[in-house]
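Now for the letters of each chain:
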Amino acid sequence: MGYFKKELARRQVRQEGRRWLFVPYDQVTDQTGPLSREDPKHLGIALVENRWKAARRPYHKQKLALILANLRHFALEQADRGVAVRYVVAEGPYAAALEHLITELGPLRVMAPAERELKLDLEMLATRGALQIIPHEGWLSTADEFRKSNEKAPPWKMDTFYRFIRRKTGILMEGGKPVGARYSFDVENRLPWHGKPPAPEPPSFPVEPIKKEVGELIRKVFFHHPGRLDLEALPVTQADTERLWSWAKKECLPLFGPYEDAMSHRSRSLFHTRISSLVNIHRLLPSRVVADVAGMRLPLESKEGFIRQVLGWREFVRHVHKATDGFRNLPGGKTRIEKTPGDGGYERWAGKPWGSSKKARGLDGGAAPCALGCDTALPPAYWGEPSGLACLDRVVSDVWAEGYSHHITRLMILSNLATLLDVRPRELTDWFWVAYTDAYDWVVEPNVLGMGTYAVGGLMTTKPYVSGGAYINRMSDYCSLCSFDPKTNCPFTPLYWAFLARHEPVFKSNPRLRMPLATLAKRGIDKRTRDQDVFKKVREILEKGSMVTPQDLPSR
Ligand SMILES: Cc1cc2nc3c(=O)[nH]c(=O)nc-3n(C[C@H](O)[C@H](O)[C@H](O)COP(=O)(O)OP(=O)(O)OC[C@H]3O[C@@H](n4cnc5c(N)ncnc54)[C@H](O)[C@@H]3O)c2cc1C
Ligand code: SF4
């Protein structure tokens, strides 16, 4: 930290007589909260670079670099504004690190943490009055609005919430009616992408001394964490954020809607904006992206499609997480809780336990609901072992290259296959949590447990998101790279039918599954037996970390 320390020291101002604020790793903004309105000359911020937090799970190197480099740059940016900065390196819970500062500086304020983990960590300090929790101003809706929008909940419905918030905020509304006479244009947004129009190349960002120093730290201290470190792909300053957002507005948003569900091996993000990791640390405010897009001249299906993601889905998942205390309290009673943080299958893949398990003690490992009673281990293919399924291998390699892949690859490749294989939902959630740069408990848990795997049943989605090979072939070009043929021997298709057959007792009263279950009923006994044989074979091969080939599958 030599360079960073020197730069911070050079900018430091008098620290006495300030009102101090703790700014967590995911609140690095001066566009909201006390930093946006109080005089910098009277303000001080405490920032904690926490190696204990980093060691709790095998987080992707890129994610650690994103957080640390943004935190350090934020420290310098605030010091440049005249805010006093205390930058602490901690090796234990946040509460312990702040305790020392509170003794010296007096009580601190903090905007309510988004992460449940951090909230619990700070609870004791808050109860004692040493830390004052003030409202988090980054959200676009309140718990009260969420409750009012879904009065009969649970189950919660995203669409009902989204309509309520559109009416309440007036966003994309005209004379009390939705612009374009519909709240959603989703049905128009289902084009596959065949290479044209060309997908935009994501911007790269300068590798300046702070980022370089963080890169060295990652290589020295966090070398054993998985994933590739790609410093050029990493936005770390407010200026980088502005650059990414300008790129997204100009290059991605005009075609965001039509190709929203497409997947391709030729482009990792297609027309998706790549902003989630910056929105989740508040470099880019959700209110700003929604306002900007609402004010842009864009085809309505793209404008509405994007706004629904941020104003609708992002807010909705956070409310469900909060209302269920991270899926600990479900309508059917309490859920099983893992005692320690899961490694997402790291140990099985790496052949050794995640190195820092001792340091991980303290907070639990999250709720482990499992409505379908699944118990398959997450295959090593998710850690980069070739599986022989081109779609999976391609997306996994994208994720370990950068800590990112877009929504449909997360849902219809990674979660889809795991669900079809009856993978333990908690283990998959932990994998997503460590592998993606935008993952935090409040967002990853609802997306994986609630949406991706049906682990909480119909609590927030009306049906499981699963498909066979025909859907993947229609919406992507992955099959052109595969030794399987989507029309004849792709394992996804028998896996899909085997999944419906195994869980038919749970699904049979679900009106949204009436059609596929009727088709399943017409499937002859030979086919149904083969479906289950394919399931057993593929699961066995992938669990061992081997590759599936067409010859491995039972004959038709
Ligand atoms: C299994 C699974 C796991 C996921 N895990 C995460 C996660 O850990 N963190 C995360 O931020 N998103 C998660 N998502 C949601 C979504 O996939 C990502 O937000 C999106 O892919 C980020 O890429 P982007 O910025 O290019 O998004 P775009 O497609 O450009 O969308 C714009 C923005 O909308 C918001 N958004 C869209 N969908 C969601 C959603 N379902 N939940 C929350 N925000 C949403 C994000 O802020 C995103 O940046 C997950 C989805 C699935 C299916
Ligand atoms: S053929 Fe099947 S396994 Fe291969 S890429 Fe296509 S969907 Fe995936």
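Use the structure listed above.
Residues numbered from 1 in each chain as written. Chains lettered and ligands numbered in written order. Predicted model: local features only at pLDDT ≥ 70, side-chain atom pairs only at ≥ 80, totals over all residues. Heavy atoms only, no water.

Turning next to the site of ligand 2. Every residue lining ligand 2 is accounted for by Leu389, Ala390, Cys391, Ile472, Tyr478, Cys479, Cys482, Phe484, Pro486, Cys490 and Phe492. Considering only residue class, the shell around ligand 2 consists of 11 nonpolar, no polar and no charged. (Near = heavy atom within 4 Å. Nonpolar A, V, L, I, M, F, W, Y, C, P; charged D, E, K, R; others polar.)

This part takes up helix α4 (residues 61-80). Helix length check: α4 (20 residues) gives 28 Å between terminal C-alpha atoms against 28 Å at 1.5 Å per residue, within 8%. α4 sits mainly inside the fold: 18 of its 20 residues count as buried. Phi turns positive one or two residues past the end of α4, at glycine 82, with a value near 100°. (Helix = DSSP H or I, 4+ residues; strand = E, 2+ residues; numbered from the N terminus. Expected span 1.5 Å × (residues − 1). Buried < 20%, exposed > 50% of the residue type's maximum accessible area, 1.4 Å probe, protein only.)

Attention now goes to the site of ligand 1. Among the 27 residues in the neighbourhood of ligand 1, the closest are listed as His272, Thr273, Arg274, Tyr404 and His407. Contact distances for ligand 1 include 2.6 Å between an oxygen atom and a side-chain N or O atom of tyrosine 404. Coverage of ligand 1 by the protein chains reaches 99% of its 810 Å² of free accessible surface. Classifying every residue of the shell around ligand 1 gives 14 nonpolar, 9 polar and 4 charged. (Polar contact = N/O pair within 3.5 Å; in protein donor to acceptor, adjacent residues only side chain to side chain. Areas by Shrake-Rupley, 256 points an atom, 1.4 Å probe, with all protein chains shown as cover.)

This brings us to unusual backbone geometry. In this structure, proline 154 follows alanine 153 across a cis peptide bond, with omega equal to -5°. With an omega of -10°, the peptide bond running from lysine 196 to proline 197 counts as cis. Along the polypeptide, proline 197 turns up in the loop between β7 (177-178) and α9 (209-221). Even without glycine at this site, phenylalanine 327 takes up a positive phi of about 65°. Relative to the helices and strands, phenylalanine 327 resides in the loop between α13 (300-323) and β8 (329-330).

Right, let's talk about the pairing of strand β2 (residues 43-50) for a bit. For β2, the tally of buried residues reaches 8 of 8 residues, placing the bulk of the element in the interior. By the alternation rule, side chains of β2 split into Leu43, Ile45, Leu47 and Glu49 and Gly44, Ala46, Val48 and Asn50, which are all buried. Inspection of the sheet shows strand β1 (residues 19-22) paired to β2 by 4 bridges, in the parallel sense. In the sheet register, leucine 21 faces β2, and the bridge partner there is isoleucine 45. In terms of strand pairing, β2 meets strand β3 (residues 84-90) through 7 bridges, oriented parallel. Among the inter-strand pairings, glycine 44 is bridged to a residue of β3, identified as alanine 84. (Pairing = 2+ DSSP bridges.)

A word on helix α6 (residues 116-128). The end-to-end C-alpha distance of α6, which contains 13 residues, comes to 19 Å, matching closely the 18 Å that a straight helix rising 1.5 Å per residue would cover. Looking at α6, one finds that the buried residues are Arg116, Glu117, Leu118, Asp121, Leu122 and Leu125. Where α6 terminates, the next one or two residues include glycine 129, which has phi positive at roughly 85°.

On to the nonpolar core, then. Formed by 166 residues in total, the largest nonpolar core has its most connected members in Phe306, Phe316, Leu414 and Trp431. Ranked by residues supplied to this core, first place goes to α4 with 11 residues. Sequence-distant contacts of phenylalanine 316, defined by excluding residues within four places in its chain, comprise Phe146, Trp156, Lys157, Met158, Phe161 and Met460. Trp193, Ala199, Tyr259 and Ala262 belong to the second largest nonpolar core, which has 6 residues in total. (Core = buried A, V, L, I, M, F, W, Y, C linked by side-chain atoms within 4.5 Å. Contact = heavy atoms within 4.5 Å.)

In this section: the packing of helix α10 (residues 238-252) against helix α12 (residues 286-294). Contact geometry of α10 with α12 gives a least axis separation of 12 Å together with a crossing angle of 35°. The chirality of how α10 crosses α12 is right-handed. When α10 is examined against α12, the residues Glu242, Trp245 and Lys249 are found in contact with a partner set consisting of Arg288, Val289, Asp292 and Val293. (Axes fitted to C-alpha atoms, helices over the stretch in contact; angles between N-to-C directions. Left-handed = near helix turned anticlockwise from the far one by under 90°.)

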